[in-house]
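Inside the fold
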Amino acid sequence: MARFGYHVSHEQFAPSDLLRWTKRADEAGFDCAMSSDHFHPWSERQGQSGFAWSWLGAALEGTSLPFGIISAAGYRYHPAVIAQGAATLAQMYPGRFWLALGSGEAINECITGLPWPEKQERNARLLECVEIIRALFAGETVTHRGRVTVIEATLYSRPEEPVMLVGAAVTEKTAEWLGGWADALITVQAPPKQLGNVVEAFRRGGGHGKPVILQAALSWAPSEEEAEAEALHQWAPNVAGGEVNWDLRRPQDFDTVSRLVKGDDIRRSVLVSADLGQHRAWLAEYVEMGFAEIHLHQVGRRQLSFIDAFGEHVLPALREA
């Protein structure tokens, strides 16, 4: 049975509110949680960008939930620093933390002034970082000179079991590539056929038998009009398509692009409905696809009512099905 998680969106909400809501999600019956990791929000309308790594310590201590986080190594984070942070959390909270690694987005990583390369080069840099992080988790002293440089780094505080390294992908090509090195796949909600192709590509590339995790963006509100309006207000910058999400550098640029996004566009990327039964049906379809975890990202501002409604009316029905 899939576990259902609460997605913690640091680019949308203040860290103190997110901690309070995550505790509420724990009480309401969510099984797990997942954190974003942003330096800038996607939009000036979102208006937040708390530091996820310090927040995670408070969240792990304040709840019983296992957590994951999606980060990019090799730009604003040196891979040895990510390895140290992940190892510390996993040592303190055994079995409750996994780390997903992706190739990053310019809006977060370009703050260092490093050149922002094309996808192939970003993937090559990511793989170097993965190899460094794994070696550090294994207790090795690492010296590496390549796209990133590490000199005689050793992790002294490590968990008994290495942190699960999850690969993040939204395309079949990337999913197949990371199947050979990732312990699991995380991808984002899409039409079932498209999503199935991404999962199959991961398995074809070496991921057979490994867990797959889904981040599902949804917008629920008391009325259909409000659910759509909230999705457009908060999440339109993310659905423009093409290479926009990876290459634009400023929240203002995403706001400019979002003016082109209409209701039909947002509904192709976000599960928009006021009907809890419709949300149950959508999520049941993803359960049938075999996801180990499905993290629910309520993109609208109604977080507490979402947690309570889904905790009472959606998650129990999915578990009984």
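You'll find the structure just up there.
The rules behind the values
Residues numbered from 1 in each chain as written. Predicted model: local features only at pLDDT ≥ 70, side-chain atom pairs only at ≥ 80, totals over all residues. Heavy atoms only, no water. Phe/Tyr/Trp six-rings, centres within 6.5 Å; stacked < 30°, edge-to-face > 60°. Buried < 20%, exposed > 50% of the residue type's maximum accessible area, 1.4 Å probe, protein only. Helix = DSSP H or I, 4+ residues; strand = E, 2+ residues; numbered from the N terminus. Core = buried A, V, L, I, M, F, W, Y, C linked by side-chain atoms within 4.5 Å. Contact = heavy atoms within 4.5 Å. Pairing = 2+ DSSP bridges. Right-handed = clockwise from strand over helix to strand, strands pointing away.

Things to note about the packing of aromatic side chains
- This model, assessed by the stated rule, comprises 11 aromatic pairs.
- On the numbers, 5.0 Å between centres and 85 degrees between planes, the contact of Phe-13 with Trp-21 is edge-to-face.
- Assessed through its relative accessible area of 4%, Phe-13 is described here as buried.
- Measuring from ring centre to ring centre gives 5.7 Å for Trp-177 and Trp-181, while their planes differ by 75 degrees; the resulting arrangement is edge-to-face.
- Since its relative accessible area comes to 11%, Trp-181 is described here as buried.

Points about the environment of Glu-320
- As for its position among the elements, Glu-320 is in helix α13 (residues 303–320).
- Overall, the relative accessible area of 68% leaves Glu-320 in the exposed class.
- Glu-320 sits 240 residues away from Ala-80 along the chain, and the two C-alpha atoms are 43 Å apart.

Quick word on the nonpolar core
- Within the largest apolar cluster, 78 residues are counted, with the highest numbers of intra-cluster contacts made by Leu-99, Ile-294, Leu-296 and Phe-310.
- In terms of residue count, helix α5 (residues 119–137) provides more of this core than any other element does, 8 residues in total.
- Beyond its immediate sequence surroundings of up to four residues, Leu-296 is in contact with Gly-5, Tyr-6, His-7, Phe-30, Ala-216, Leu-218, Leu-283, Phe-306, Phe-310 and Leu-315.
- Formed by 15 residues, the second largest nonpolar core is a distinct cluster that contains Trp-42, Ala-227, Val-239 and Val-299.

A short note on the pairing of strand β4 (residues 97–102)
- In terms of burial, β4 is largely enclosed, as 6 of its 6 residues are buried.
- Residues Phe-97, Leu-99 and Leu-101 point to one face of β4 and Trp-98, Ala-100 and Gly-102 to the other, with burial holding for every one of them.
- Strand direction decides the pairing type here: strand β3 (residues 67–72) and β4, joined by 6 bridges, are parallel. What sits directly across from Ala-72, in β4, is Gly-102.
- Read as a crossover between parallel neighbours, the route from β3 over helix α3 (residues 79–92) to β4 is right-handed.
- Summarising the sheet, β4 and strand β7 (residues 164–168) pair through 4 bridges and their orientation is parallel. Note on β7: the bridge partner recorded for Leu-101 is Gly-167.

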